[in-house]
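The lines below spell out each chain.
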Amino acid sequence: MNQIVLTGFMGAGKSTVGKILAEKLRLPLIDIDTEIQSEHQISITEIFANLGEPVFRTIEHQTLTSALLKDAVISTGGGIILSNDNRSILESADFVVYLKTSPNTFLARLKGDTTRPLIQEKSREEIISLFESRTKLYEGVAHLILETDELTPEEIANQIKQDFEIRKEQA
Ligand code: S3P
């Protein structure tokens, strides 16, 4: 299959890179959070506030499961790796990429954000500790770990495309 899954913490650039990469590979882009919002006609903030995080995680799992049936670039939410079920279905994906960003980078990008429920009213230290609690999970499911701090989205997409093509040749 032709399937690339982008993971990483909030603010890692998954959606931006996903868009560029999907164009380069001529594949559809499935952005899990966008799919959830358009299918259920509700924002992520509203899902968390009105239905709670567990309901969001259930919907997120269903959306990932159906996305993984398709050839696509799949851009995931930062918490996708939290569930055992998600980590186990990600094992069957062709190519899982962890976009690794340092706290300075993602904190700068997330400054003033009002759309991500898990970081609202959180201190820098709390956000960093959320990131650190997830690092091993991102690394554990990734075929490729890409340090992105010094790269542009275009460079990141080119690097992923190149690695994906090499991997396909070797398969
Ligand atoms: C989340 C990340 C968000 C979104 C939701 C939960 C998380 O996606 O899925 O707010 O748990 O890290 P982004 O990583 O695209 O911000």
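Above this text sits the structure in question.
Throughout what follows, the structure given in this document is the object of discussion. Predicted model, so just to flag it, every value in this text is computed and none were measured.

## Describing the overall build of the chain
Then, in step 1: Secondary structure summary: the chain contains eight helices and five strands in total.
Then, in step 2: Helices and strands in the chain line up, N terminus first, as β-α-β-α-α-α-β-α-β-α-α-β-α.
Then, in step 3: Here the C-alpha radius of gyration of the chain, 15 Å, is about what a compact globule of 171 residues would show, namely 16 Å.
Then, in step 4: Dimensions of the chain, computed from the C-alpha atoms along their principal axes, are close to 45 × 35 × 25 Å.
Then, in step 5: Out of the 171 residues in the chain, the part that is buried amounts to 44%.
Then, in step 6: Accessible area for the chain stands at about 8,900 Å²; split by element, carbon and sulfur atoms hold 49% of it.
Then, in step 7: Within the chain, the 26 negative side-chain charges are centred at a point lying 2 Å from the centre of the 18 positive side-chain charges.

## Observations concerning the pattern of salt bridges
Pairing between side chains of opposite charge can happen when the charged atoms of each approach one another.
Then, in step 1: In this structure the tally under the stated criterion is seven salt bridges.
Then, in step 2: Between Glu53 and Arg57 there is a salt bridge, and its shortest N-O distance comes to 3.0 Å. With a gap of four residues between them, Glu53 and Arg57 both fall in helix H4 (residues 53–67), about one helical turn apart.
Then, in step 3: Since its relative accessible area comes to 28%, Glu53 is described here as partly exposed.
Then, in step 4: Among the residues examined, Arg57 registers a relative accessible area of 17% and is labelled buried.
Then, in step 5: The salt bridge partner of Glu139 is Lys136, with a shortest N-O separation of 4.0 Å. One end of the pair is Glu139 and the other is Lys136, both in helix H7 (residues 124–141) and three residues apart, which spans about a single turn.
Then, in step 6: Its relative accessible area of 24% is what places Glu139 among the partly exposed residues.
Then, in step 7: Here the salt bridges share partners, and the residues they tie into one network are Glu53, Arg57 and Glu60.

## Observations regarding the site of the ligand
Then, in step 1: The environment of the ligand is formed by 13 residues, the closest being Lys14, Arg57, Gly78, Arg116 and Arg134.
Then, in step 2: Within the backbone of Gly79, a nitrogen or oxygen atom sits 3.2 Å from an oxygen atom of the ligand.
Then, in step 3: Arg134 places a polar side-chain atom, nitrogen or oxygen, 2.7 Å from an oxygen atom of the ligand.
Then, in step 4: For the ligand, whose accessible area on its own is 390 Å², the fraction buried by protein is 94%.
Then, in step 5: Broken down by class, the residue content of the shell around the ligand amounts to five nonpolar, three polar and five charged.

Definitions and cut-offs
Residues numbered from 1 in each chain as written. Predicted model: local features only at pLDDT ≥ 70, side-chain atom pairs only at ≥ 80, totals over all residues. Heavy atoms only, no water. Helix = DSSP H or I, 4+ residues; strand = E, 2+ residues; numbered from the N terminus. Rg over C-alpha atoms; globule rule 2.2 N^0.38 Å. Buried < 20%, exposed > 50% of the residue type's maximum accessible area, 1.4 Å probe, protein only. Areas by Shrake-Rupley, 256 points an atom, 1.4 Å probe, with all protein chains shown as cover. Lys, Arg positive; Asp, Glu negative; His and termini not counted. Charge placed at Lys NZ, Arg CZ, Asp CG, Glu CD. Salt bridge = Lys/Arg side-chain N within 4 Å of Asp/Glu carboxyl O. Near = heavy atom within 4 Å. Polar contact = N/O pair within 3.5 Å; in protein donor to acceptor, adjacent residues only side chain to side chain. Nonpolar A, V, L, I, M, F, W, Y, C, P; charged D, E, K, R; others polar.

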